[in-house]
Amino acid sequence: MEFFSLFYQLNVYGQDLFYHLKGWDNGMQDFVAANNQFPTIWLVTFLSAVAMFVVFYYILNHPRFNKFWHWLIALAVLAIGIFIWSRGLVLADITGASMHPVDPSLNISADNAMMFGVYNAVLSAIFFLFFSVIGRFGSKNCKNTPWKSLINRK
Amino acid sequence: MAKLYVFGIGGTGSRTLRALTMMLASGVECKFDTVVPVIIDPDASAADMSRTVDAMTRYMEVRKSLDFNSANENRFFKTEICPIQDMSTFKLTLENTENVTFRDYMKTNQMDAASKALINMLFSQANLDSDMVVGFKGNPNIGSVVLNQFSTSDAYKAFSNNFEEGDRIFIISSIFGGTGASGFPLLLKTLRNDQTSQHWNYIKNAKIGAVTVLPYFSVEQDDNSGVDSSTFYSKTKSALAYYDRNITGNNSVNALYYIGDSMPASYKNHDGGSEQRNDAHMVELFAALSILKFAATPDNELDGKTQTYEYGIDTNDEDIKQVIFKDLGSETRRLIQKPLSMFLLMNKYMKNALASQYKFQPWAKDCGLDENFFTSQYYSDLKKFQDAYGIWLDELGRNKRSFKPFDEKRIVPLFDLVNGQKAHKIMWPLHDLFAKNYALMDSFLNTNWPKWNKTASKEQKFMELFYRATAKLTSKKYNF
């Protein structure tokens, strides 16, 4: 199992969609690496979380935007953005408007697209939470968001 | 460590000590580590004196929780203010002046006829019938008799017992009233000549400085009052002639500072007591600066003949009604503009932002500054002192002539606070560009300060945070 697919193992959005995103070619009865969309999806999700983390903690880094619910807003903006993008990506594949149209042998519906959007949004939120835990100590104004940091220089 | 004893005589003495207290609280540099104020005022209920004593007492309360070792940068409240050792009060109490007339004090009824005749030549009937409970009401001839008891007071004895080699003395008095005009020469004479003092040999050789305040206010005409400001200038002339012979003439004082204002403020006419509550005036602020100047003058510059100094502001406009920092000479500006601005920024934050922010800001959370701290006696004392500082600045600004370096009532934009001074925009780091007003203060307070003393008390950390943050802010915003 290659690295990027590992993050999408949980079968909550449909086995067929997993196959499709991993590059299943029905004619070859195998996965085609060139059609594997997971690296792109993972990178976009991961880098979006990194970007949101950097913006929240180190660029905006605002003393009036450092409460718990401000952090929740940042997380929600990220998750919603990723949800919209992920769902849109799958819907485009379903309608054939993308470079990776769905193989007719796979049964993928709009519901699967919705669930994949939710899945990827949760994954982005987990990334954001992870960075919030490990990387906020250098933030001047938000170091105690969402909860008090264990590292205290004062 | 050497101490600077500051005798504040009369109402002007108290008000000048109030100005000194405010400046020292803001961290204006004093070359002596300890200032020992002694207030000499027969008017025990004078509101000006009460306010000064309150301010100094609160200063001591705040300061006792702080330490000033090398690990700390804070200079707010750095100079120690304390009463004379073994005394619990800043006041030098005069005996037998309460509920007696001057006649009773002199015991004229026990005098023989010749003495009575002499008394009647020297003092008017109004003088003799004067009740001294509110002071000498502008009559130095009364003061010169009553204040002769300096050397027998407990406070003076405690002072002379504790006086050490290297200590200095400074005397604040006005020249146009009663208490100050008579008290200054008498006190000086006592200091230099009272051989019964325990440490007289130190005292007689000590460096003594004095500021004598020339008329800078007048009072409304009131025939029922003992105070008549039309006599201020004539009394000043007489006293100056006396000083010329007996103060500077015999070099009994090492440095004498003169200050006054040709545009006098006008106050309501009160003989004294709780109604005598004059607004702070910039002349008192500059008189207080003379104390710091004296403290900073090396011993060798004070040897020999009396050094006399006058104070002026750096403007071509003689009729200037409102003085700001830019009108001050560079030496004064360098000395006071940064600390006063820093302390006011702290004041504004405490008043307008602290209550809504301390639960969320890292500076408070990391230092453990929680509700317990902000409801503590220490914080309450500091808050009250800051309120008094705001009132003092407000009074300076509304008096005539006005000293108004700050728009102290301004809430936002916060950094337009310093009159005549444009605040620079902070462009970097980026997050400080986005933060405005009190949020920018929070951002500076949240800085991870180098050489931070993690083991300091909460009180120390709180003061240290505000000192460092406001120092950096005033430097970046105003180039102070």
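Residues numbered from 1 in each chain as written. Chains lettered and ligands numbered in written order. Predicted model: local features only at pLDDT ≥ 70, side-chain atom pairs only at ≥ 80, totals over all residues. Heavy atoms only, no water.

Student: Tell me about the interface of chain A and chain B, and please be specific about residues and values.
Tutor: On the side of chain B, 26 residues touch chain A, which itself brings 17 residues to the contact. The junction of chain A with chain B conceals about 2000 Å² of combined surface from both sides, 47% of it contributed by carbon and sulfur atoms. In terms of surface lost to chain B, no three residues of chain A exceed Arg64(A), Lys140(A) and Lys154(A), which account for 40% of the buried area on that side. Applying the counting criterion to the chain A and chain B interface returns four salt bridges. Where Lys148(A) meets Asp366(B), a salt bridge forms, and the shortest distance between an N and an O atom there is 3.8 Å. At the boundary of chain A and chain B, one finds 18 residue pairs in polar contact (both at pLDDT 80 or more). Here the side of chain A that touches chain B is composed, by residue class, of four nonpolar, six polar and seven charged. (Contact = heavy atoms within 4.5 Å. Buried area = accessible area lost by both parts, 1.4 Å probe. Salt bridge = Lys/Arg side-chain N within 4 Å of Asp/Glu carboxyl O. Polar contact = N/O pair within 3.5 Å; in protein donor to acceptor, adjacent residues only side chain to side chain. Nonpolar A, V, L, I, M, F, W, Y, C, P; charged D, E, K, R; others polar.)

Student: Describe the sheet that holds strand 4 (residues 168–174) of chain B, listing the residues and the values that go with them.
Tutor: Residues and elements named next belong to chain B. Spatially, the seven strands line up as an open sheet ordered 3-2-1-4-5-7-9, and their pairing is parallel. Every interior strand has two partners, whereas the edge strands, strand 3 (80–81) and strand 9 (307–310), have only one. When strand 4 meets strand 5 (residues 207–213), the two strands line up parallel, connected through seven bridges. What sits directly across from Arg168, in strand 5, is Lys207. (Pairing = 2+ DSSP bridges. Helix = DSSP H or I, 4+ residues; strand = E, 2+ residues; numbered from the N terminus.)

Student: Go over helix 12 (residues 330–352) of chain B with me, naming the residues and quoting the values.
Tutor: Taking 1.5 Å of rise per residue, the 23 residues of helix 12 of chain B would be expected to cover 33 Å, and the 32 Å separating its terminal C-alpha atoms lies within 8% of that figure. Taken as a whole, helix 12 of chain B carries its principal kink of about 30° at Ile336(B); the proline Pro339(B) stands between one and four residues after it. (Expected span 1.5 Å × (residues − 1). Bend = angle between axes of the 7 residues up to and from the residue.)

Student: Residue-level account of helix 11 (residues 282–296) of chain B, with values.
Tutor: Residues lying three or four places apart along an α-helix face the same way, a consequence of the helix completing one turn every 3.6 residues. Its 15 residues place the ends of helix 11 of chain B 21 Å apart at the C-alpha level, agreeing with the 21 Å of an ideal helix rising 1.5 Å per residue. Among the 15 residues that make up helix 11 of chain B, 13 are buried, leaving the element largely enclosed by the rest of the structure. (Buried < 20%, exposed > 50% of the residue type's maximum accessible area, 1.4 Å probe, protein only.)

Student: Lay out the packing of helix 3 (residues 38–60) of chain A against helix 4 (residues 68–95) of chain A with the relevant residues and their values.
Tutor: Residues and elements named next belong to chain A. At a minimum axis separation of 11 Å, helix 3 and helix 4 run at an interaxial angle of 160°. It follows from the interaxial angle that helix 3 and helix 4 lie roughly antiparallel. Considering the relative orientation of helix 3 and helix 4, their crossing is right-handed. Of the residues in helix 4, those in contact with Thr40, Ile41, Val44, Thr45, Ser48, Ala49, Met52, Phe56 and Tyr57 of helix 3 are His70, Trp71, Ala74, Val77, Leu78, Ile82, Trp85 and Leu89. Residue composition of the contact of helix 3 with helix 4, by class: 13 nonpolar, four polar and no charged. (Axes fitted to C-alpha atoms, helices over the stretch in contact; angles between N-to-C directions. Parallel < 35°, antiparallel > 145°, perpendicular 65-115°, else oblique. Left-handed = near helix turned anticlockwise from the far one by under 90°.)

Student: I'd love a proper account of the packing of helix 1 (residues 10–26) of chain B against helix 16 (residues 377–398) of chain B, names of residues and values included.
Tutor: In a pair of packed helices, the angle between the axes and the distance between the axes together describe the arrangement. All names here are of chain B. Close contact between helix 1 and helix 16 brings their axes to 11 Å; oriented N to C, the two are set at 120°. Taken as axis vectors, helix 1 and helix 16 run oblique relative to one another. Regarding helix 1 and helix 16, the two cross each other, and that crossing is left-handed. Only Phe385, Ala388, Tyr389, Ile391, Trp392 and Glu395 of helix 16 make contact with helix 1, whose side of the interface consists of Arg18, Ala19, Thr21, Met22 and Ala25.

Student: Hey, could you go over the pairing of strand 1 (residues 3–9) of chain B for me, with residue numbers and the actual values?
Tutor: Residue and element names in this part refer to chain B. Taken across its seven residues, strand 1 has seven buried, putting it largely inside the fold. Neither face of strand 1 is exposed, since Lys3, Tyr5, Phe7 and Ile9 on one face and Leu4, Val6 and Gly8 on the opposite face are all buried. Inspection of the sheet shows strand 1 paired to strand 4 by five bridges, in the parallel sense. Paired with Tyr5 across the two strands is Ile169, which belongs to strand 4.

Student: I'd love a proper account of the packing of aromatic side chains, names of residues and values included.
Tutor: A full pass over the atoms with the stated rule returns 67 aromatic pairs over all chains. On the numbers, 5.8 Å between centres and 35° between planes, the contact of Tyr8(A) with Phe116(A) is tilted. Of the two residues, Tyr8(A) is situated in the loop between helix 1 (3–6) and helix 2 (15–22) and Phe116(A) in helix 5 (residues 110–135); the sequence distance between them amounts to 108 residues. Residue classification places Phe116(A) among the buried residues on the basis of a relative accessible area of 0%. Ring geometry for Tyr156(B) and Phe159(B): centres 5.4 Å apart, planes at 55°, overall tilted. Residue Tyr156(B) and its partner Phe159(B) are both found in helix 7 (residues 154–162); the two are separated by three residues, about one turn of the helix. (Phe/Tyr/Trp six-rings, centres within 6.5 Å; stacked < 30°, edge-to-face > 60°.)

Student: Before we move on, could you go through the pattern of salt bridges and cite the residues and values that matter?
Tutor: Residue and element names in this part refer to chain B. All told, the structure shown has 25 salt bridges over all chains when counted by the stated rule. Between Arg51 and Asp48 there is a salt bridge whose closest N-O contact spans 3.8 Å. With Arg51 and Asp48 both in helix 2 (residues 47–63), this residue pair falls three residues apart, about one helical turn. There is no split in this pair, since Arg51 and Asp48 are both buried. Between Lys404 and Glu408 there is a salt bridge whose closest N-O contact spans 3.4 Å.

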